[in-house]
Amino acid sequence: MGEYKVDSEKLEKLASYIEGLDRAEGELINILREAQEIFGHLPAEVQLFIARKLGIPAAKVYGVATFYSYFTMQQRGKHIISVCLGTACFVKGADKIVEEFRNQLDIHDGTTTKDGQYTLDSIRCVGACGLAPVVIVDGKVHGRVKAEDVSAIIKEIGNEEPAEQTLIKQNMQ
Ligand code: FES
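These figures come from a predicted structure and were not determined experimentally.

Caption draft 1: Spatial organisation of the overall build of the chain. Scanning the chain from terminus to terminus reveals eight helices and four strands. Split into buried and exposed, the 173 residues of the chain put 40% on the buried side. Intrachain contacts of the chain at a sequence separation of at least 6 include 62% that bridge at least 24 residues. About 10,000 Å² of surface is accessible on the chain, with carbon and sulfur atoms providing 50% of the total.

Here it is in structure tokens:
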């Protein structure tokens, strides 16, 4: 498996998962889910590996991986911050919260900080509109969030090795 530029141990793990399936060709979604579990995201190399293993075109794997929003091609951060952009949250200022997280975490390109600590993404209504606007951090729900709460939320995440820029921005407040 030396031709792939991704962790070979992880590839072995994925290979044995695929080999353990009865009808691997019909299990593409489960295989992608397992691959994302193992790698944290679905790099092109992993998609190619899956395609070769199943004997199907890489375009088919890519098509399924991009169709479902559950799958991501980008490396995810250690902490996932999801801001709900459903209607109830949006009208209560969710866009300003996204902006505040972007500024404080210095995320202006893509969704993940350069140090790989935080990924900022958006989600649709999570059914907690009464708490709008809602932010979910590593599975924990924060309700009625205001832009002024963002720095406290970031502190609460308890990043052991905070990015320099995050420290600087927090100290400036
Ligand atoms: S719109 Fe955000 S929880 Fe419903």
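Caption draft 2: Summary view of the nonpolar core. Ranked by size, the top nonpolar core spans 25 residues in total, and within it L14, L28, I31, L32, I50 and L54 carry the most contacts. Listing elements by their share of this core, those giving two or more residues are α1 (8-19), α2 (28-39), α3 (44-54) and α4 (58-67). With six residues, α2 is the largest single contributor of residues to this core. Apart from the residues lying within four places of it in its own chain, the contact partners of I50 are L14, L28, I31, L32, A35 and V61. In terms of nonpolar packing, the next biggest core, distinct from the first, is built from 22 residues, I81, V83, I97 and F101 among them.

Caption draft 3: Quick look at the pattern of salt bridges. Scanning all chains against the criterion turns up three salt bridges. Of the charged contacts, one joins E19 and K53 as a salt bridge, the two residues approaching to 2.5 Å between their closest N and O atoms. Placement of the pair is E19 in helix α1 and K53 in helix α3, with a sequence separation of 34 residues. For K53, a relative accessible area of 34% gives the class partly exposed.

Caption draft 4: Seen up close, the packing of aromatic side chains. Following the criterion strictly, the structure yields three aromatic pairs and no others. Taken together, the ring pairs connect F67, Y68, Y70 and F71 into an aromatic cluster.

Caption draft 5: Just the environment of A94, in detail. With respect to the secondary-structure elements, A94 resides in helix α6 (residues 94-105). Taking C-alpha positions, A94 is 8.4 Å from K146, a pair spaced 52 residues apart along the chain. Excluding its chain neighbours within four sequence positions, the residues that come into contact with A94 are V83, C84, L85, C89 and P133.

Caption draft 6: Spotlight on α6. Here α6 is twelve residues long and its end C-alpha atoms lie 16 Å apart, about the 16 Å a rise of 1.5 Å per residue gives. Just beyond α6, the residue with positive phi is D106, at close to 60°.

Caption draft 7: Layout of the pairing of strand β1 (residues 79-84). The element β1 is extensively covered by neighbouring structure, given that six of its six residues are classed as buried. Side chains H79, I81 and V83 of β1 all project onto a buried face; the interleaved residues I80, S82 and C84 project onto the opposite face, where all are buried too. Here β1 runs beside strand β2 (residues 118-123); their pairing, made up of six bridges, is parallel. Opposite S82, over in β2, you have D121 as the bridge partner. Pairing analysis gives three bridges linking β1 to strand β3 (residues 135-137), with the strands arranged antiparallel.

Reading the values: the criteria
Residues numbered from 1 in each chain as written. Predicted model: local features only at pLDDT ≥ 70, side-chain atom pairs only at ≥ 80, totals over all residues. Heavy atoms only, no water. Helix = DSSP H or I, 4+ residues; strand = E, 2+ residues; numbered from the N terminus. Buried < 20%, exposed > 50% of the residue type's maximum accessible area, 1.4 Å probe, protein only. Contact = heavy atoms within 4.5 Å. Areas by Shrake-Rupley, 256 points an atom, 1.4 Å probe, with all protein chains shown as cover. Core = buried A, V, L, I, M, F, W, Y, C linked by side-chain atoms within 4.5 Å. Salt bridge = Lys/Arg side-chain N within 4 Å of Asp/Glu carboxyl O. Phe/Tyr/Trp six-rings, centres within 6.5 Å; stacked < 30°, edge-to-face > 60°. Expected span 1.5 Å × (residues − 1). Pairing = 2+ DSSP bridges.

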